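Read off the chains here:
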Amino acid sequence: MSSTVSRAIQILELCSALPRTAADIAADLGVHRTTILRTLLTLQDAGMVRQTSPGVFGAGFRLAALARSAMENFDLRAIAHPSLAALSAKLGLTVQFAVPNRDRITYVDKIEPANSIVLNTIIGGDVVINTAGVAKAILAFSPEREKAMILERATFERYTERTITNMTAFDQALEEVRQQGWAYDDGEYDALSNCIAAPVRDHSQRVVGAVSITSFRSQTDIAALKQHLPALIATTTTISNDLGWKPASA
């Protein structure tokens, strides 16, 4: 990938997350402000960014339209969404769907019903590998090469006192997931929330995603959240079946 294209992608990611000035972006990327401004103006002409106020650039309307179109045509999300919506409606809890995406894991769907926890994750955003239940549910069953590529990006940054901060402990967590078939996040990214997650498989038995159920830890601890495991597993099984999956013994 050329440096110009790579820089443009970085700028789009930054502006999509939060409107910023050219100086802000230059500081983040370690590039001269003039270079950043030149790229911003090119992206603005293409409709990919827009000035939300003078000198402050955010996501452009064309970029939003392309993202919406891509999501509408993303078959895996389209197949999974009805089951995710049904699960969220049944439990009244926040449901998320994430998939492996080259060297990262990406959220592709999220449903937040009224009175449920609101998460700061975004559709199209990256999963924090060492804290998320969906990451554990995917990586526990991923081929070693794919797992290594994703884990190479993991920083093991500490977010709460429960965060897993080293590879040895994370490997132990993945082994636990392999044994029990599901994963959890017990306040590892945000002390206010917890979740349980389970993998989704396709016709080749490959894990192609994971679904999580998230709640307030103060209202529902992991033991209580486990009571929803049958509903979660039924949902991931339905999505897997829709993708052509059959139990290995079948």
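Undergrad: Tell me about the packing of helix H2 (residues 22–29) against helix H3 (residues 33–45), and name the residues and values.
TA: Two elements in contact, H2 and H3, have axes whose closest approach is 8 Å; the angle formed by their N-to-C orientations is 120 degrees. Handedness of the H2/H3 crossing: right-handed. Side by side, H2 and H3 meet where Ala22, Ala23, Ile25, Ala26 and Leu29 of the first sit next to Arg33, Ile36, Leu37 and Leu40 of the second. The class makeup of the residues in the contact of H2 with H3 is eight nonpolar, no polar and one charged.

Undergrad: Describe in detail unusual backbone geometry, supporting the description with residues and values.
TA: With a phi angle near 55 degrees, phenylalanine 156 is a residue other than glycine that sits in the positive phi range. Tracing the chain through its elements places phenylalanine 156 in the loop between helix H7 (144–151) and helix H8 (167–180). For phenylalanine 156, a relative accessible area of 13% puts it in the buried group. Phi is positive for glutamine 205, which is not a glycine, with a value near 75 degrees. By the secondary structure assignment, glutamine 205 is in the loop between strand E7 (193–201) and strand E8 (207–216).

Undergrad: Residue-level account of the pattern of salt bridges, with values.
TA: All chains considered together, the criterion is met by 13 salt bridges. For arginine 178, the salt bridge identified is with glutamate 175, shortest N-O distance 3.1 Å. Here arginine 178 and its partner glutamate 175 are both found in helix H8, three residues apart, which amounts to about one turn of the helix. Accessibility expressed as a relative area gives 32% for arginine 178, which makes it partly exposed. The exposure class of glutamate 175 is partly exposed, given its relative accessible area of 34%. A cluster of three or more residues bridged by salt bridges with shared partners is formed by Asp103, Arg104, Asp126 and Arg153.

Conventions adopted
- Residues numbered from 1 in each chain as written.
- Predicted model: local features only at pLDDT ≥ 70, side-chain atom pairs only at ≥ 80, totals over all residues.
- Heavy atoms only, no water.
- Axes fitted to C-alpha atoms, helices over the stretch in contact; angles between N-to-C directions.
- Helix = DSSP H or I, 4+ residues; strand = E, 2+ residues; numbered from the N terminus.
- Left-handed = near helix turned anticlockwise from the far one by under 90°.
- Contact = heavy atoms within 4.5 Å.
- Nonpolar A, V, L, I, M, F, W, Y, C, P; charged D, E, K, R; others polar.
- Buried < 20%, exposed > 50% of the residue type's maximum accessible area, 1.4 Å probe, protein only.
- Salt bridge = Lys/Arg side-chain N within 4 Å of Asp/Glu carboxyl O.

Everything listed here is a matter of geometry and, on its own, says nothing about what the molecule does.
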